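# Architecture and fold: a report
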Amino acid sequence: SQTIHQWPATLVQPVGSPLSLECTVEGTSNPNLYWYRQAAGRGLQLLFYSVGIGQISSEVPQNLSASRPQDRQFILSSKKLLLSDSGFYLCASKAAYNEQFFGPGTRLTVL
Amino acid sequence: AQTVTQSQPEMSVQEAETVTLSCTYDTSESNYYLFWYKQPPSRQMILVIRQEAYKQQNATENRFSVNFQKAAKSFSLKISDSQLGDTAMYFCAFIPSYGSSNTGKLIFGQGTTLQVKP
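Residues numbered from 1 in each chain as written. Chains lettered and ligands numbered in written order. Predicted model: local features only at pLDDT ≥ 70, side-chain atom pairs only at ≥ 80, totals over all residues. Heavy atoms only, no water.

Below, the discussion takes up the overall build of chain B. Regarding its fold elements, chain B presents 0 helices and 12 strands. Listing every helix and strand of chain B by position from the N terminus yields β-β-β-β-β-β-β-β-β-β-β-β. Taken over the C-alpha trace, chain B has a radius of gyration of 14 Å; the compact-globule value for 118 residues is 13 Å, and the two agree within 12%. For the C-alpha atoms alone, the extent of chain B along its principal axes is close to 45 × 30 × 20 Å. By residue count, 50% of the 118 residues in chain B fall in the buried class. The long-range fraction of contacts in chain B, counting pairs at least 24 apart against all pairs at least 6 apart in sequence, stands at 57%. As displayed, chain B offers around 5600 Å² of accessible surface, 45% of which is attributable to carbon and sulfur atoms. Positive and negative side-chain charges in chain B, numbering 10 and 9 respectively, have mean positions lying 5 Å apart. (Helix = DSSP H or I, 4+ residues; strand = E, 2+ residues; numbered from the N terminus. Rg over C-alpha atoms; globule rule 2.2 N^0.38 Å. Buried < 20%, exposed > 50% of the residue type's maximum accessible area, 1.4 Å probe, protein only. Contact = heavy atoms within 4.5 Å. Areas by Shrake-Rupley, 256 points an atom, 1.4 Å probe, with all protein chains shown as cover. Lys, Arg positive; Asp, Glu negative; His and termini not counted. Charge placed at Lys NZ, Arg CZ, Asp CG, Glu CD.)

So, in structure tokens, the structure goes:
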């Protein structure tokens, strides 16, 4: 079965600082990977997805970017964080039967 | 456009009682999958149950069962013998079996927050 690691678990960053969130997947190869953002008590917003190394599709125009340097590594980045970037970030991997398996998430607070 | 709607933002139930969460969806596809996910206070997303549209039999996982009405495009989740650990946000999700399945993008509802009271 799959295991998804997300690093870091919690992050507090000042406005204008850079960001790098990492997601790594174990137990599968060549997975479709996804980045979601969730505001407190709200639904999931799909930010990016990737069907393979170097292949990134953006769902929402914003100051975030994503990269997939390795088969099982997915990175979410920003050059300059905004207050509105605060939230809970979830990484997910496509599993059998088209479901998605989720990582534990990263809580980002931008001050 | 394909959409998923959860019309109940918040619900509560007494421990040991039964509760039903509603979900409706809109699609022109005939083959698809439907899911219910649970997000407890830890915020870890957990798959609760899966239903394949071509299967007429409603899916069941222990105390969790669904009422899948394909013609009505309805997919409700029933939780029997509610437990305090069932307190969570519940999301309904949809994906066509073909086309979008290449990307695997799920379409999520807005979520229903369920509080189980002792």
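Facing 23 residues of chain B, the contacting portion of chain A comprises 25 residues. Interface area for chain B against chain A, summed over the two sides, is near 1900 Å², with a carbon-plus-sulfur share of 51%. On the chain B side of the interface with chain A, the three residues burying the most area are Arg43, Thr103 and Lys105 of chain B, jointly 30% of the side's total. Counting every contact that joins chain B to chain A gives 2 salt bridges. Here Glu59 of chain A makes a salt bridge to Lys105 of chain B, at a shortest N to O gap of 3.2 Å. On the surface where chain B and chain A come into contact, there are 11 residue pairs in polar contact (both at pLDDT 80 or more). Sorting the residues of the side of chain B that touches chain A by element identifies β5 (32-39), β6 (46-52) and β10 (88-96) of chain B as the ones contributing at least two each. In the side of chain B that touches chain A, the residues fall into 11 nonpolar, 8 polar and 4 charged. (Buried area = accessible area lost by both parts, 1.4 Å probe. Salt bridge = Lys/Arg side-chain N within 4 Å of Asp/Glu carboxyl O. Polar contact = N/O pair within 3.5 Å; in protein donor to acceptor, adjacent residues only side chain to side chain. Nonpolar A, V, L, I, M, F, W, Y, C, P; charged D, E, K, R; others polar.)

Bringing the pattern of salt bridges into the picture now. Using the criterion set out here, one finds 7 salt bridges over all chains in the structure. A salt bridge links Asp71 of chain A to Arg68 of chain A; the shortest N-O distance between them is 3.5 Å. The partly exposed category is assigned to Asp71 of chain A, whose relative accessible area is 21%. Between Asp86 of chain B and Arg63 of chain B there is a salt bridge whose closest N-O contact spans 2.8 Å. With Asp86 of chain B in the loop between β9 (74-79) and β10 and Arg63 of chain B in the loop between β7 (60-61) and β8 (64-69), this residue pair connects regions lying 23 residues apart in the sequence. Of the two residues examined, Asp86 of chain B and Arg63 of chain B, each falls in the buried class.

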